[in-house]
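# Descriptive analysis of the structure
Chain by chain, the residues:
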Amino acid sequence: MEGIDSGTSPTDLELLRRARQGQWDAFEGLMGRFEPRVFRLTWRILQQREDAEDATQQTFINVMEHLDQFREEAAVATWILRIATNQALATLRKRRGRSTVPLDTQPNPGDDETPMPHPEFIAQWRDDPAELAERSEVKELLGQALSELDEKHRVVFVLRDVEEFSTRETAELLGISESNVKVRLLRARLRLRERLTRTLGDESTRVTPDHDHDHGAENRVT
Amino acid sequence: MKCDELLQALSDYVDGDVDPSICEEFEDHLAGCNPCQIVVDNVRKTIALYKAGEPYPLPEEFQRRLHATLRARWQERFGK
């Protein structure tokens, strides 16, 4: 995971070392590089702007207070994003503590064994992702679809597919097994696919799923 | 391989993390199953779209507040 390091500007690590020596400008430079990404990550996980702002601020306070503990084994970017993720997870735990939802309806590890969601609306998308990403209504749709996911699926999707943490890193961050990460990621991807395709899919290319077929003739490509 | 089995292996396939023997079965099935081809393509595009999207720009007012707060903390800690 790389930070920004172009031309003659100092590397992330150089900035961090100078910040350790008490140079505010270096620390502020580091913040400037990572604050958009930290804010985006925490907002995606928390789905609420004020909580994302609080989590972002607390992330940089933690970074400042633990500058001496960075061991230079990981990239600075990875270290900061781990702190941000942990901060967002702490906010989620705090929310659950305040929640009035009965305990037996809260997420638990066993519900990863529920049946896999089956694709229902299957159609080619009308446009390419790069083009779609520029449209404001699509940005809104992406946020909406993400917010509709269960918290445990959303967190895994954001860490794996958006922030590009590995399966092992994600498992470590969340304190779950790698196979649980994979199961949750698959569910998240399938649910988001279904939700987005219902809006972005081209109805004229829609095909009917047949869950029981095995190379069924009606679906064979000719 | 049936559609259900393909679904189970879909993430590993999309991530390029699938056992070669399963990969072959996966692609054999895909070659003859239009719905599965579309689902795999949809999933790839879903991931690409989330990677490309920038829906949460950093608000300027928050950025100013953040820097002021951290600057004050820094002065308390390092005294400069």
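Residues numbered from 1 in each chain as written. Chains lettered and ligands numbered in written order. Predicted model: local features only at pLDDT ≥ 70, side-chain atom pairs only at ≥ 80, totals over all residues.

### Examining the overall build of chain B
When its secondary structure is counted, chain B shows 4 helices and 0 strands. N-terminal to C-terminal, the α/β element order of chain B is α-α-α-α. Relative to a compact globule of 80 residues, whose C-alpha radius of gyration would be 12 Å, chain B shows 24 Å and is clearly more extended. Viewed in the frame of its principal axes, chain B has a C-alpha envelope of about 65 × 25 × 15 Å. The buried share among the 80 residues of chain B stands at 26%. (Helix = DSSP H or I, 4+ residues; strand = E, 2+ residues; numbered from the N terminus. Rg over C-alpha atoms; globule rule 2.2 N^0.38 Å. Buried ≥ 20, exposed ≤ 12 C-beta atoms within 10 Å, placed from the backbone.)

### Comments concerning the overall build of chain A
In terms of helices and strands, chain A carries 9 helices and 0 strands. Taking all 222 residues of chain A together, the buried fraction comes to 36%. A fraction of 70% describes how many contacts in chain A between residues 6 or more apart in sequence connect residues 24 or more apart. (Contact = placed C-beta atoms within 7 Å.)

### As for the environment of His118(A)
Of note, His118(A) is situated in the loop between α4 (76–98) and α5 (129–132). With 47 residues separating them in the primary sequence, His118(A) and Arg71(A) have C-alpha atoms 45 Å apart.

### Observations concerning the interface of chain B and chain A
Between chain B and chain A, the residue contacts involve 40 residues of the former and 48 residues of the latter. It is helix α3 (residues 34–52) of chain B that provides the largest number of residues to the side of chain B that touches chain A, a total of 14 residues. Taken together, the residues of the side of chain B that touches chain A sort by class into 21 nonpolar, 11 polar and 8 charged. (Nonpolar A, V, L, I, M, F, W, Y, C, P; charged D, E, K, R; others polar.)

### Re the domain arrangement of chain A
Residues and elements named next belong to chain A. Taken domain by domain, chain A consists of domain 1 (12–98) and domain 2 (114–209). Averaged C-alpha coordinates put domain 1 and domain 2 at centres separated by 25 Å. With 8 residues of domain 1 in contact, the opposing surface of domain 2 contributes 10 residues. For the side of domain 1 that touches domain 2, the secondary-structure elements that each account for two or more residues are α2 (24–46) and α4. It is α4 that provides the largest number of residues to the side of domain 1 that touches domain 2, a total of 4 residues. Looking at the side of domain 1 that touches domain 2 residue by residue, the class counts come to 4 nonpolar, 2 polar and 2 charged. (Domains from an automatic or database assignment.)

### Digging into the nonpolar core
Residues and elements named next belong to chain A. Judged by nonpolar contacts, the single largest core of 63 residues is most densely connected at Leu30, Leu41, Ile80, Ala84, Leu142 and Val156. Sorting elements by how many residues they give to this core places α2 first, with 10 residues. Each of two domains, domain 1 (12–98) and domain 2 (114–209), supplies a minimum of three residues to this core. Dropping the residues within four chain positions of it, Val156 is found in contact with Thr170, Val181, Arg184, Leu185 and Ala188. (Core = buried A, V, L, I, M, F, W, Y, C linked by C-beta atoms within 7 Å.)

### Looking at the environment of Met1(B)
Residues and elements named next belong to chain B. Take Met1: it is sitting in the segment before α1 (3–14). Among the residues examined, Met1 registers 19 C-beta atoms within 10 Å and is labelled partly exposed. Separated by 21 residues in the primary sequence, Met1 and Ile22 place their C-alpha atoms 8.9 Å from one another.

### Some remarks on the packing of helix α3 (residues 49–65) of chain A against helix α4 (residues 60–78) of chain B
Here α3(A) crosses α4(B) at 30°, and the two axes come no closer than 10 Å. With respect to α4(B), the axis of α3(A) lies roughly parallel. Here the hand of the crossing between α3(A) and α4(B) comes out right-handed. Contacts between α3(A) and α4(B) involve Glu53(A), Thr56(A), Gln57(A), Phe60(A), Ile61(A) and Met64(A) on the former and, on the latter, Phe62(B), Leu66(B), Thr69(B), Leu70(B), Arg73(B), Trp74(B) and Arg77(B). For the contact of α3(A) with α4(B), the residue count by class is 7 nonpolar, 3 polar and 3 charged. (Axes fitted to C-alpha atoms, helices over the stretch in contact; angles between N-to-C directions. Parallel < 35°, antiparallel > 145°, perpendicular 65-115°, else oblique. Left-handed = near helix turned anticlockwise from the far one by under 90°.)

### Things to note about α3(B)
Three or four residues apart is the spacing at which side chains of an α-helix point the same way, because the helix has 3.6 residues per turn. Taking 1.5 Å as the rise per residue, α3(B) with 19 residues should run 27 Å; its terminal C-alpha atoms sit 27 Å apart, in good agreement. Elements in contact with the buried residues of α3(B): α5, α6 (136–148), α7 (151–162) and α9 (178–200) of chain A together with α1 and α2 (20–31) of chain B. (Expected span 1.5 Å × (residues − 1).)

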